[in-house]
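Inside the fold
Each chain, letter by letter, is given below.
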Amino acid sequence: MKTVIDKLCDNQSLNREEFEYLLDNIDDKSLEYLREKADEVRIREYGRSVYTRGIIEFTNYCKQNCVYCGIRHDNKKADRYRLSAEEILDCCDAGYKLGYRTFVLQGGEDPYYTDEKIIEVIRAIKKALPDCALTLSLGEKSFNSLKQYYEAGADRYLLRHETAALVLYKKYHPNMSLESRKQCLWNLKKIGYQVGAGFLVGLPKQTTKDYVEDLMFLKKLQPEMIGIGPFIAHDNTPLEGEVNGSVRQVVTLLAIVRLMLPKVLLPATTALGSVDPIGREQGIRFGANVVMPNLSPTNVRAKYALYNGKICVSDEAAQCRKHIEGKVSDIGYSLDMSRGDHKNWRRL
Ligand code: 5AD
């Protein structure tokens with residue numbers, strides 16, 4: 001096992017068989033060795049800084065029907081909301097005062113927000129807070145729309161591929177196509193965004209081979225950011241009562257990804273902190289270097305319920321930051337409130 005981990009460190013990759021062997025056979029001792037290697041690389045590249053992004057969840061309307069997701073279109077029990085442009089700006093202003101210099105606008109695929117509306121919001125934020133980075137996470141969009149958002153000032157775009165395994169992708173994404181999702185990620189790269197892909201861990205019926213597919217795809221895409229989180233069952237979805245993804249499996253994959261793409265921006269996700277009270281801290285110890293505290297207005301927080309038991313739904317924005325700051329420093333790392341761009345990125 002140690003030779004395989006050493007090979008991953010030296011070559012920044014493995015073949016399919018080796019990845020499969022690593023994922024299927026790693027024991028506690030080897031996992032600790034993998035963690036040390038990933039932590040070394042992360043410290044070499046980014047020190048002990050943990051970049052901090054304020055996330056604003058501006059709509060939970062969604063036209064898609066991802067089987068695992070709590071805001072899927074068919075969940076008639078979801079209490080839907082939308083924030084106005086003014087409310088979104090207020091969240092950014094409040095975040096700015098707390099020190100945030102990156103804002104992530106995330107929402108379901110909600111046609112109410114036309115390109116015109118989105119562009120207006122991007123311009124307004126960039127005008128008010130020109131020293132901040134703006135990340136969008138709005139689902140799949142056309143090349144043309146994405147190009148317009150970039151030209152309006154958006155810097156980054158998060159679009160998890162969710163799973164690169166075709167059969168599994170089809171099972172969980174009715175009426176969607178893995179091919180067009182991947183194409184969208186390539187388009188984002190071509191336009192010049194810092195691109196975030198990523199995948200779910202522990203979906204019912206997900207296998208080691210499926211994760212290997214994710215790793216192979218990520219190595220090829222070379223995204224600047226990668227979001228990896230555990231699947232968590234949501235009560236009002238067809239996956240109600242299913243077993244959640246495990247911290248162990250997520251952190252193993254985080255460490256592998258850190259070694260494959262040393263400079264990648266890797267969040268310790270909210271979902272990881274939601275399956276386990278020290279999940280995010282574990283993520284950071286295994287190579288993650290980003291956290292994304294919630295900046296949404298408190299009265300909508302609980303409504304953006306992608307899964308059961310999401311943390312931070314009742315905290316004020318300021319509390320949320322203080323809370324994570326304490327946790328990060330307790331384990332020997334420190335919050336970094338700067339924009340935290342990927343090392344190799346410059347706006348085209
Ligand atoms: N459990 C964990 N993560 C989920 N997401 C959606 N539903 C769930 C769930 N039930 C993730 C998806 C999406 C991101 C915004 O939230 O990966 O890309």
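Residues numbered from 1 in each chain as written. Predicted model: local features only at pLDDT ≥ 70, side-chain atom pairs only at ≥ 80, totals over all residues. Heavy atoms only, no water.

Here we come to the UniProt feature "domain: Radical SAM core" (unreviewed entry) in the protein. The UniProt record annotates "domain: Radical SAM core" (unreviewed entry) at residues 48-269. Between the end C-alpha atoms of residues 48-269 the distance is 17 Å, and the span holds 39% helix and 17% strand. (UniProt positions renumbered as here; feature names shortened; annotations may be inferred. Helix = DSSP H or I, 4+ residues; strand = E, 2+ residues; numbered from the N terminus.)

Before going further, it helps to examine the site of the ligand. In the neighbourhood of the ligand, the contacting residues comprise Y68, C69, Q106, R160, E162, L200, P230, F231, I232, L306 and Y307. Contact between the ligand and R160: an oxygen atom at 2.8 Å from a side-chain N or O atom of the residue. Contacts to the ligand include I232, whose backbone N or O atom sits 2.7 Å from a nitrogen atom. For the ligand, the accessible surface in isolation is 400 Å², of which the surrounding protein chains cover 87%. Taken together, the residues of the shell around the ligand sort by class into eight nonpolar, one polar and two charged. (Near = heavy atom within 4 Å. Polar contact = N/O pair within 3.5 Å; in protein donor to acceptor, adjacent residues only side chain to side chain. Areas by Shrake-Rupley, 256 points an atom, 1.4 Å probe, with all protein chains shown as cover. Nonpolar A, V, L, I, M, F, W, Y, C, P; charged D, E, K, R; others polar.)

If you walk across this open sheet you meet the three strands as β8-β1-β9, and the pairing is parallel. Of all strands in the sheet, those with a lone pairing partner are β8 (290-291) and β9 (334-336), marking the two edges. Strand direction decides the pairing type here: strand β1 (residues 49-52) and β8, joined by two bridges, are parallel. Note that in β8 the partner of Y51 across the bridge is V290. Of the strands in this sheet, β1, β8 and β9 touch helix α14 (residues 317-330), which is tilted by about 130° from β9. (Pairing = 2+ DSSP bridges. Contact = heavy atoms within 4.5 Å. Axes fitted to C-alpha atoms, helices over the stretch in contact; angles between N-to-C directions.)

In β1, alternate side chains face the same way, and those of S49 and Y51 on one face and V50 and T52 on the other are all buried. Summarising the sheet, β1 and β9 pair through three bridges and their orientation is parallel. Across the sheet, residue S49 finds its bridge partner in β9, namely S334. (Buried < 20%, exposed > 50% of the residue type's maximum accessible area, 1.4 Å probe, protein only.)

Looking now at the layout of surface pockets. In this structure, the largest pocket spans a volume of roughly 180 Å³. Forming the boundary of the largest pocket are 13 residues, of which Q222, P223, L261, H342 and N344 lie nearest the centre. Per-class residue counts for the lining of the largest pocket are six nonpolar, four polar and three charged. (1 Å grid on protein atoms, 1.4 Å probe; cavity = no way out; pocket = protein on both sides within 12 Å on 5 of 7 lines; lining within 4 Å. Points joined across faces, edges and corners; volume = space filled by probe spheres on them.)

So, on to unusual backbone geometry. Residues other than glycine predominantly adopt negative phi, and peptide bonds predominantly adopt the trans conformation. Even without a glycine there, the phi angle at N175 is positive, about 65°. Tracing the backbone through its elements, the reader meets N175 in the loop between α7 (166-172) and α8 (178-191). On the basis of relative accessibility, which here comes to 83%, the residue N175 falls in the exposed class. Even without being glycine, C312 reaches a positive phi, approximately 70°. Following the sequence through the fold, C312 ends up in the loop between α13 (298-301) and α14.

So, about the sheet that holds strand β5 (residues 156-158). As summarised here, the arrangement of the six strands in space is β2-β3-β4-β5-β6-β7, forming an open sheet in which the pairing is parallel. A strand with exactly one partner marks an edge of an open sheet, and here the two such strands are β2 (54-59) and β7 (225-230). Strand-to-strand, the axes of this sheet are offset by a mean angle of 20°, without reference to chain direction. One ladder, built from six bridges, connects strand β6 (residues 194-201) with β7; its direction is parallel. Bridging across to β7, A197 finds its partner in I226.

All right, on to the UniProt feature "binding site: (3R)-3-methyl-D-ornithine" (unreviewed entry) in the protein then. Residues annotated by UniProt as "binding site: (3R)-3-methyl-D-ornithine" (unreviewed entry) correspond here to S137. Positionally, S137 belongs in strand β4 (residues 133-137). Those residues in contact with S137 that sit more than four places away from it in its chain are L105, Q106, G107 and L158. At 3.1 Å, the side chain of S137 forms a polar contact with the side chain of Q106.

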